[in-house]
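Residue strings, one per chain:
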Protein chains: 2
Amino acid sequence: MKTIEQNFAVPFRYGVYFTEGLFSPENNLLPEVLAQDKATSPRKALFVIDSGVAKAHPQLLEQIHTFAAAHADTLQLAEEPLILPGGEESKNNPEHLQTILSAVNAFGVCRHSYLIAIGGGAILDLAGFAAAVAHRGIRHIRIPTTVLSQNDSGVGVKNSVNAFGKKNFLGTFAPPFAVLNDSDFLLSLEDRDWRSGISEAIKVALIKDIHFYQSIKHDARKLVSRDMAAMQKLIHRCAELHVEHIGGLDPFEMGSSRPLDFGHWAAHKLEQLTKYSLRHGEAVAIGIALDVIYSHLKGMIPATERDDVLSLLQELGFRLFVPELAQQEADGQLSVVQGLREFREHLGGQLTIMLLSKLGVGQEVHEMDEELVRQAVSYLQKKHQPQPLSQV
Amino acid sequence: MKTIEQNFAVPFRYGVYFTEGLFSPENNLLPEVLAQDKATSPRKALFVIDSGVAKAHPQLLEQIHTFAAAHADTLQLAEEPLILPGGEESKNNPEHLQTILSAVNAFGVCRHSYLIAIGGGAILDLAGFAAAVAHRGIRHIRIPTTVLSQNDSGVGVKNSVNAFGKKNFLGTFAPPFAVLNDSDFLLSLEDRDWRSGISEAIKVALIKDIHFYQSIKHDARKLVSRDMAAMQKLIHRCAELHVEHIGGLDPFEMGSSRPLDFGHWAAHKLEQLTKYSLRHGEAVAIGIALDVIYSHLKGMIPATERDDVLSLLQELGFRLFVPELAQQEADGQLSVVQGLREFREHLGGQLTIMLLSKLGVGQEVHEMDEELVRQAVSYLQKKHQPQPLSQV
């Protein structure tokens, strides 16, 4: 009998909006975004809030209640917002996923309701996964509160939780309904978190946009001194490059490559090896350093370009070596090299690693020379290992 | 700052193939389908098999091993196939999902590997969900073994498991890599399962295609006597109508309606009320009967058309009443009417129920008259309640 051919394309569309004071009474962004659904009755919304954000913004809960009351014609709180621990813990512990799903069930949050998540990348990943699988997908609005989530993880189409000790083992591709970047949330960030998101901007600049890289270098001192205008500029361009990349090629990564993942194979593994005491962006900074050195060792970029990047990372305050980078397995193999295998498994099929052919231009390779990785690690260890006090 | 607009479409494509003896040494369908991925090395495949199928086909495991050995250049078994209980139990018990995910992890099944599921709709739903969320999606091939899964549930883009006592509470939209319908699996079906899938064909015929409805009526006696050619014809047309419908409109159901779900609001609830002792197709037959009677009570179709459908369902051997249909809550409301609320919640937003404006033409409505539902239930109870033996 004749084969039946299925063939369709699913259109997706969302905006990444920039604002300040999202829940101020006079700010109409959220109601305007919700109105895009053309619903005629108030939408039910379940908020999920990063406990770190709730703590740093003690007035936030009350603001949300006041805001919802003032916009009762568009928005109805499904229930008291859920406050969940942020950071990797939220993705490691399956209880938190269950908490969100239970609330979706208990409060009758439906496919035309909204799960609105406020927090860093981990909470957005967790809430996005819950939203993607409950009722086969309820609408999800992301309100990223860190540099990293505003310029990278929060603007894309992926969500995830960790399982079997592996980062992002479970997840889906599920475009959000909208992303709302409120720069006020950046004011309360610890310096570590302010800095940590900058590495994703350097990553994408190095492989896509030399002008952006130069602009980050130009603004480095301002960024260190927490100049908000410089940071907003960085976030906007970085988010734009990510959004373009995702929309342009293979949004759901059905092919082999993920060309924006420069510096990430080692970063993922380092996060795991340090038991997530390294922030993702901090691990990415080390991953970038490693792959820049490796690109030089491979003869792809000159030493001057290598040093240019390492200097910028240092000027921004990134640590470029942690002992876990040199950690070895029983057989003498670097633990971080295991990350290559896991990375290939996660991508599927062929290994694809982004390196640099020059600053601003990425180049994919399909194998890594373990001996050169070892040399790159040694280079970082010698140059960037913090000296014991007695030797300072 | 300027809003960043994301806008893309994701193309999906898969075939629904028809064959006999899929794992016979001379059958090249599976290797040919796998070759579509253009991989140059053998693909890793993890099989998940319905225990009922494994029992009814005791030679199946050995056939798969022999087949894989004969096609070692295209196919490599990740590990011994997983045998899991079929039926709703597989979707109710979260351990089975965990079993599949653990195997995906343990055997290094990646995004370019295959999870191949053989079984009824429940196992396909479960395995499809596991495949959709592991590594954000590994390739999934469905080999449906029942009439219902070959003509309906197995050819679409949905997967799911049950949670919080609710059917399909968790799931995603994730098109399979391919669907392989092997009619040999139908030979071993119990009569209940053979019959049960026919109700989905009647459903889609009633709302989409009067000629198909007439052809089912014409073939009714053959279908009852398990004529394979008649069944293959029914399956092919039913699958075709489902595939067309899914691809044509709103594959991931981002809008409000699911126009192919005639008779389903009551069916889902009846399955739950009978603790899944009713097969899905059996529940759908009752749901169709109920909505046909309701359509008549609403003045939408004449009594002759109502009786035409009820006669066909009876001729095919469907029971049209179970006591749970008349079950009441403490407040006197029919339990099945609760299904309407749950159905709206699952769909999101507005209630949309498909009724008939005539045989072969569905018509959506957005509210249901509970008193008429009660009358429709009474009609079925009076006419179709099995009589106690003493009264026969």
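Parameters and conventions
Residues numbered from 1 in each chain as written. Chains lettered and ligands numbered in written order. Predicted model: local features only at pLDDT ≥ 70, side-chain atom pairs only at ≥ 80, totals over all residues. Heavy atoms only, no water. Helix = DSSP H or I, 4+ residues; strand = E, 2+ residues; numbered from the N terminus. Buried < 20%, exposed > 50% of the residue type's maximum accessible area, 1.4 Å probe, protein only. Areas by Shrake-Rupley, 256 points an atom, 1.4 Å probe, with all protein chains shown as cover. Lys, Arg positive; Asp, Glu negative; His and termini not counted. Charge placed at Lys NZ, Arg CZ, Asp CG, Glu CD. Contact = heavy atoms within 4.5 Å. Pairing = 2+ DSSP bridges. Buried area = accessible area lost by both parts, 1.4 Å probe. Salt bridge = Lys/Arg side-chain N within 4 Å of Asp/Glu carboxyl O. Polar contact = N/O pair within 3.5 Å; in protein donor to acceptor, adjacent residues only side chain to side chain. Domains from an automatic or database assignment.

1. Points about the overall build of chain A
Alright, step 1. What chain A contains, in helices and strands, is 17 helices and eleven strands.
Alright, step 2. Dimensions along the principal axes, computed over C-alpha positions, put chain A at roughly 65 × 65 × 40 Å.
Alright, step 3. For chain A, with 392 residues in total, the buried portion stands at 61%.
Alright, step 4. With the model as given, the accessible surface of chain A reaches about 14,900 Å², and the carbon-plus-sulfur share is 50%.
Alright, step 5. Of the side-chain charges in chain A, 37 are positive and 46 negative, and the distance between the mean point of each set is 3 Å.

2. Description of the environment of B:Val33
Residue and element names in this part refer to chain B.
Alright, step 1. As for its placement among the helices and strands, Val33 is situated in helix H1 (residues 29-35).
Alright, step 2. For the pair Val33 and Phe177, spaced 144 residues apart in sequence, the C-alpha to C-alpha distance is 8.8 Å.
Alright, step 3. Apart from residues no more than four positions distant in its own chain, Val33 is found in contact with Tyr17, Ile141, Phe177, Ala178 and Leu180.

3. Details of the pairing of strand E9 (residues 178-182) of chain B
All names here are of chain B.
Alright, step 1. Of all five residues in E9, five are buried, a share of seventy percent or more.
Alright, step 2. Across the two faces of E9 the burial is the same, with Ala178, Leu180 and Asp182 and Val179 and Asn181 all buried.
Alright, step 3. Of the strand pairs in this sheet, strand E6 (residues 139-144) and E9 are connected by two bridges, and their pairing is parallel. Looking across to E9, one finds that Arg142 is bridged to Val179.

4. Let's talk about the interface of chain A and chain B
Alright, step 1. Between chain A and chain B, the residue contacts involve 66 residues of the former and 66 residues of the latter.
Alright, step 2. Taking both partners together, chain A and chain B bury about 6,200 Å²; carbon and sulfur atoms supply 59% of that area.
Alright, step 3. The largest share of the area that chain A buries against chain B comes from A:Ile4, A:Gln6 and A:Arg136, three residues that together contribute 15% of it.
Alright, step 4. In this structure, the connection of chain A to chain B is made through zero salt bridges.
Alright, step 5. In this assembly, chain A and chain B are joined by 25 residue pairs in polar contact (both at pLDDT 80 or more).
Alright, step 6. Counting only elements with at least two residues in the side of chain A that touches chain B, the list comes to strand E1 (4-19), helix H5 (94-106), helix H6 (121-133), strand E8 (166-170), helix H12 (228-248) and helix H16 (335-347) of chain A.
Alright, step 7. Element by element, the count of residues in the side of chain A that touches chain B is highest for E1(A), at 15 residues.

5. Overview of the domain arrangement of chain A
Residue and element names in this part refer to chain A.
Alright, step 1. Segmentation of chain A into domains returns domain 1 (15-189) and domain 2 (192-384).
Alright, step 2. Once you take the C-alpha centre of each, domain 1 and domain 2 turn out to be 28 Å apart.
Alright, step 3. Taken together, the contacts link 26 residues of domain 1 with 31 residues of domain 2.
Alright, step 4. For the interface between domain 1 and domain 2, the tally reads three salt bridges.
Alright, step 5. On inspection of domain 1 and its partner domain 2, the count reaches nine residue pairs in polar contact (both at pLDDT 80 or more).
Alright, step 6. At the level of secondary structure, the elements contributing two or more residues to the side of domain 1 that touches domain 2 comprise E1, helix H7 (147-151) and E8.
Alright, step 7. With four residues, the single largest contributor to the side of domain 1 that touches domain 2 is H7.

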